[in-house]
Amino acid sequence: MLLLLLLQISGSCLWLGRSEVVTSFEHSCPQFFFKETPPNEALEPKRPAWICQRYKNKYYFATLYDRDRRIPVYSAYLYQPGSGKRPKTWMIEPQLMGSVYPSSMAREWTLKNSYNVTLEQISKSQAVLVDYKNLTGLNRGHLNPSGHHPDNSSRTATFTLTNIVPQNEKLNGGAWKNYEQQIMIKETQGCATTYVIVGAVPGNNYIAGGRVNKPSHLWSGVCCEMGSDEERKAWAVIAENDRNDIQLISLGELEEILTKLYGRDQVSLFDRDCPRD
């Protein structure tokens, strides 16, 4: 068993240059951001983790993760909706425990059985399935929704707990779902490439005995490249996480709202060439 573990760890070390938990998005998975420019530092938590979300040896989206609150700050992806079944398998991010662990997301039981780690060890670095058991009035809410991806692998990749927040169940199944499934289709008409960043503003309440933060707001910003390089449009939404209602606003308005909610420097979600009006 010890020899097997050493071989597995050694194999993982060979991939450290392409690991999921990285030092910056610009150098590892910039393709998910408009003009390869991630949001500025105004949203960063005290202990951030930059995750290039890898599944089956391919990056599918990027997530800035808050290690202390055990929720994502935001997830960034390309909007490419397709048909298919909704996955059911939930995974976690092994490298939040350390760089010697696998660079692809994995099930909890895989880590426990193959790498001789305990659930307690896993839960120190991130949310685990038991944190989302027996919720009242809340769902496991995707930031990056599976329905915005074209095939089984890309949709499965969104089923990682590093892409999940405790979301009001009425909002998740109501206004937010309508935005993801209906309004996005309408707004993206004419878009050649659509960059999306979906985020969660930390709140004052927690679930799982204080382990996992319940966000006060959910938001999404979109930058759309039209037929030519110079033609672009943008929009955004924000919702309070205790109401079944969303506001459809401009990108500039969202950045101003987030700047006030975070109380730090001016928030910038996209490169300046994405329109704010």
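Residues numbered from 1 in each chain as written. Predicted model: local features only at pLDDT ≥ 70, side-chain atom pairs only at ≥ 80, totals over all residues. Heavy atoms only, no water.

*Asks:* Please explain the overall build of the protein chain as it appears in this structure.
*Replies:* Scanning the protein chain from terminus to terminus reveals seven helices and 12 strands. Against the compact-globule benchmark of 19 Å for 277 residues, the protein chain has a radius of gyration of 18 Å, which places it among compact chains. Structurally, the protein chain occupies a C-alpha span of about 60 × 40 × 40 Å along its principal axes. Every one of the 277 residues in the protein chain was classed for burial, and the buried ones make up 55%. Contacts in the protein chain between residues at least 24 apart in sequence constitute 66% of all its contacts with a sequence separation of at least 6. On the protein chain, roughly 12900 Å² of surface is accessible, and the fraction owed to carbon and sulfur atoms is 47%. (Helix = DSSP H or I, 4+ residues; strand = E, 2+ residues; numbered from the N terminus. Rg over C-alpha atoms; globule rule 2.2 N^0.38 Å. Buried < 20%, exposed > 50% of the residue type's maximum accessible area, 1.4 Å probe, protein only. Contact = heavy atoms within 4.5 Å. Areas by Shrake-Rupley, 256 points an atom, 1.4 Å probe, with all protein chains shown as cover.)

*Asks:* Please explain the packing of aromatic side chains as it appears in this structure.
*Replies:* Two measures describe an aromatic ring pair: the distance that separates the ring centres and the angle between the ring planes. This model, assessed by the stated rule, comprises six aromatic pairs. Judged by centre distance (6.5 Å) and plane angle (55°), the rings of Phe25 and Tyr74 are tilted. In this pair, Phe25 is assigned in the loop between β1 (21-22) and β2 (48-55) and Tyr74 in strand β4 (residues 71-78), connecting sequence segments 49 residues apart. Chaining the aromatic ring pairs together yields one cluster made of Phe25, Phe33 and Tyr74. (Phe/Tyr/Trp six-rings, centres within 6.5 Å; stacked < 30°, edge-to-face > 60°.)

*Asks:* Explanation requested: empty space enclosed by the protein in the structure shown.
*Replies:* Empty space among the atoms can be located by rolling a probe the size of a water molecule over them. A complete count under the given rule lists two cavities of 30 Å³ or more for this structure. Estimates place the volume of the largest cavity at around 50 Å³. Reported here for the second largest cavity is a volume of approximately 40 Å³. Forming the walls of the second largest cavity are Leu43, Pro45, Asp66, Arg69, Val73, Pro202, Tyr262 and Arg264. Taken together, the residues that form the lining of the second largest cavity break down as five nonpolar, no polar and three charged. (1 Å grid on protein atoms, 1.4 Å probe; cavity = no way out; pocket = protein on both sides within 12 Å on 5 of 7 lines; lining within 4 Å. Points joined across faces, edges and corners; volume = space filled by probe spheres on them. Nonpolar A, V, L, I, M, F, W, Y, C, P; charged D, E, K, R; others polar.)

*Asks:* Looking at this structure, I do not really get the sheet that holds strand β3 (residues 58-66). What am I missing?
*Replies:* Strand pairing within a sheet occurs via backbone hydrogen bonds; the two strands may be parallel or antiparallel. The eight strands are arranged β1-β2-β3-β4-β7-β10-β11-β12 in an open sheet whose pairing can be described as antiparallel. The sheet terminates laterally at β1 and β12 (247-249), the two strands that pair on one side only. The sheet contact formed by β2 and β3 spans eight bridges and is antiparallel. For Ala49, the partnering residue across the bridge sits in β3 and is Tyr65. Contacts between helix α6 (residues 175-187) and the sheet are confined to β7 (193-201), β10 (217-225), β11 (232-240) and β12, with β11 contributing the most and set at about 170° to the helix. Here helix α7 (residues 251-262) sits on the sheet in contact with β4, β7, β10, β11 and β12, set at roughly 40° to β11. (Pairing = 2+ DSSP bridges. Axes fitted to C-alpha atoms, helices over the stretch in contact; angles between N-to-C directions.)

*Asks:* Looking at this model, I keep getting lost on the state of the cysteines. Mind explaining?
*Replies:* Think of a disulfide as a covalent bridge from one cysteine sulfur atom to another cysteine sulfur atom. Evaluation of the coordinates by the stated rule reveals three disulfides. One disulfide in the model links Cys191 with Cys224; its S-S distance is 2.1 Å. Across the S-S bond linking Cys191 and Cys224, the dihedral sits near -115°, which makes this disulfide left-handed. A residue pair is termed long-range when its members are at least 10 positions apart, and Cys191 in the loop between α6 and β7 and Cys224 in strand β10 qualify at 33 residues. (Disulfide = S-S within 2.5 Å.)

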